[in-house]
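One-letter residues, chain by chain:
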Amino acid sequence: MSNTDSLKKEYQERIVPALKKEFSYKSVMQVPVLEKIVVNQGLGIATGDKKIIDVAIDELTNITGQKAVATYSKKDISNFKLRKKMPIGVMVTLRHKNMYEFLERLVRVALPRIRDFRGIESKLDGRGNYTLGIQEQIIFPEINIDNITKILGMNITFVTSAKTDEEGYALLREFGLPFKNSKNN
């Protein structure tokens, strides 16, 4: 519990003044904030096996510390054997305390466990948000490798209040996301 307070405190005491200086903001209210983190797994393979969704919900709930929900298809696509309202994914939206807790575990524990890790790409979406793709869920210590039936990837989206990619990049860099040295925006 004190970990999340420390990350939030670090934001207020170290990150805000650093960004205020870097972008010469006049007010503290101009400094971008991390609004939410959305963790999403697209599970197209679930059309054939319904148990995959339940397993994914349990895994994502363990990883994030918050109940995951299934996402459903919006229309029929016969080529993919897909019917409307079939479960095809799992997602969690983290805010406030859970968001800071997850961010700290991601940066300090999970990302360093990736084999041959050299940093993450530094390409943002043009509005200061960043999506990180992870190939396998086993980098998280909450996952017991012995119980894994399928290796599933996920997308982690960091939604910020930044107006530009430079501001969003600076905010996430200050939070400790290990971007690669070259910035190719």
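Presented here is an overview of the structure given in this document. Keep in mind the model is a prediction, meaning the values are calculated, not measured.

1. Digging into helix H3 (residues 96-110)
The terminal C-alpha atoms of H3, which comprises 15 residues, lie 20 Å apart, in line with the 21 Å expected from a rise of 1.5 Å per residue. Turning to H3, its buried residues are Met99, Tyr100, Phe102, Leu103, Glu104, Leu106, Val107 and Ala110.

2. Quick word on the side chain of threonine 160
Note that threonine 160 resides in strand E5 (residues 154-160). Of the polar contacts made by the side chain of threonine 160, one reaches the backbone nitrogen of alanine 162; its length is 3.3 Å. Excluding its chain neighbours within four sequence positions, the residues that come into contact with threonine 160 are Val33, Leu34, Glu35, Gly128, Asn129, Gly168, Leu171 and Leu172.

3. Considerations on the packing of aromatic side chains
Two measures describe an aromatic ring pair: the distance that separates the ring centres and the angle between the ring planes. For the structure shown, the criterion picks out 4 aromatic pairs. Geometrically, the ring pair formed by tyrosine 100 and phenylalanine 175 is tilted, given 6.1 Å between the ring centres and 50° between the ring planes. With tyrosine 100 in helix H3 and phenylalanine 175 in the segment after helix H4 (165-174), this pair connects stretches of sequence that are 75 residues apart. The burial state of tyrosine 100 is the same as that of phenylalanine 175; both residues are buried. Pairwise contacts between aromatic rings join Tyr11, Tyr100 and Phe175 into one cluster.

4. A few points about unusual backbone geometry
Positive phi outside glycine occurs at serine 24, with the angle close to 45°. Assignment of secondary structure puts serine 24 in the loop between helix H1 (2-22) and strand E1 (34-42). The residue histidine 96 is not glycine, and still its phi comes out positive at about 50°. Judged by its relative accessible area of 59%, histidine 96 falls in the exposed class.

5. What to know about the nonpolar core
Counting residues in each nonpolar core, the largest one holds 49 residues, and the members touching the most others are Ile37, Leu106, Phe140, Ile156, Phe158 and Leu177. Those elements that place two or more of their residues in this core are H1, E1, helix H2 (51-64), strand E3 (87-94), H3, strand E4 (130-134), E5 and H4. Here this core gets 7 residues from one element, more than from any other, and that element is H3. With residues up to four places along the chain from it excluded, the contact list for phenylalanine 158 reads Leu34, Lys36, Ile37, Leu103, Leu106, Asn129, Tyr130, Leu132, Leu172 and Leu177.

6. Digging into the environment of isoleucine 53
Position of isoleucine 53 among the secondary structure elements: in helix H2. Separated by 16 residues in sequence, isoleucine 53 and valine 69 have C-alpha atoms that sit 9.4 Å apart.

7. Looking at the pairing of E3
Consecutive residues of a regular strand have side chains that alternate between opposite faces of the sheet. Here 6 bridges tie E1 to E3, and the two strands are oriented antiparallel to one another. From the neighbouring strand, asparagine 40 faces E3, where its bridge partner is methionine 91. Sheet analysis places strand E2 (residues 69-72) next to E3, joined by 4 bridges and oriented antiparallel. Along E3, the bridge assignment pairs alanine 70 with valine 90.

8. A few points about H2
Compared with the 20 Å implied by 1.5 Å per residue over 14 residues, the 20 Å span of H2 between its first and last C-alpha is a close match. Among all positions of H2, only Ile52, Ile53, Ala56, Ile57, Glu59, Leu60, Ile63 and Thr64 are buried. Where H2 terminates, the next one or two residues include glycine 65, which has phi positive at roughly 80°.

9. Focus: the environment of isoleucine 114
Examined against the element boundaries, isoleucine 114 turns out to sit in the loop between H3 and E4. Owing to a relative accessible area of 26%, isoleucine 114 belongs among the partly exposed residues under this scheme. Measuring from C-alpha to C-alpha, the distance between isoleucine 114 and phenylalanine 140 comes to 9.5 Å, with 26 residues separating the pair along the chain.

The rules behind the values
Residues numbered from 1 in each chain as written. Predicted model: local features only at pLDDT ≥ 70, side-chain atom pairs only at ≥ 80, totals over all residues. Heavy atoms only, no water. Helix = DSSP H or I, 4+ residues; strand = E, 2+ residues; numbered from the N terminus. Expected span 1.5 Å × (residues − 1). Buried < 20%, exposed > 50% of the residue type's maximum accessible area, 1.4 Å probe, protein only. Polar contact = N/O pair within 3.5 Å; in protein donor to acceptor, adjacent residues only side chain to side chain. Contact = heavy atoms within 4.5 Å. Phe/Tyr/Trp six-rings, centres within 6.5 Å; stacked < 30°, edge-to-face > 60°. Core = buried A, V, L, I, M, F, W, Y, C linked by side-chain atoms within 4.5 Å. Pairing = 2+ DSSP bridges.

The quantities given are spatial measurements derived from coordinates; they are silent on function.
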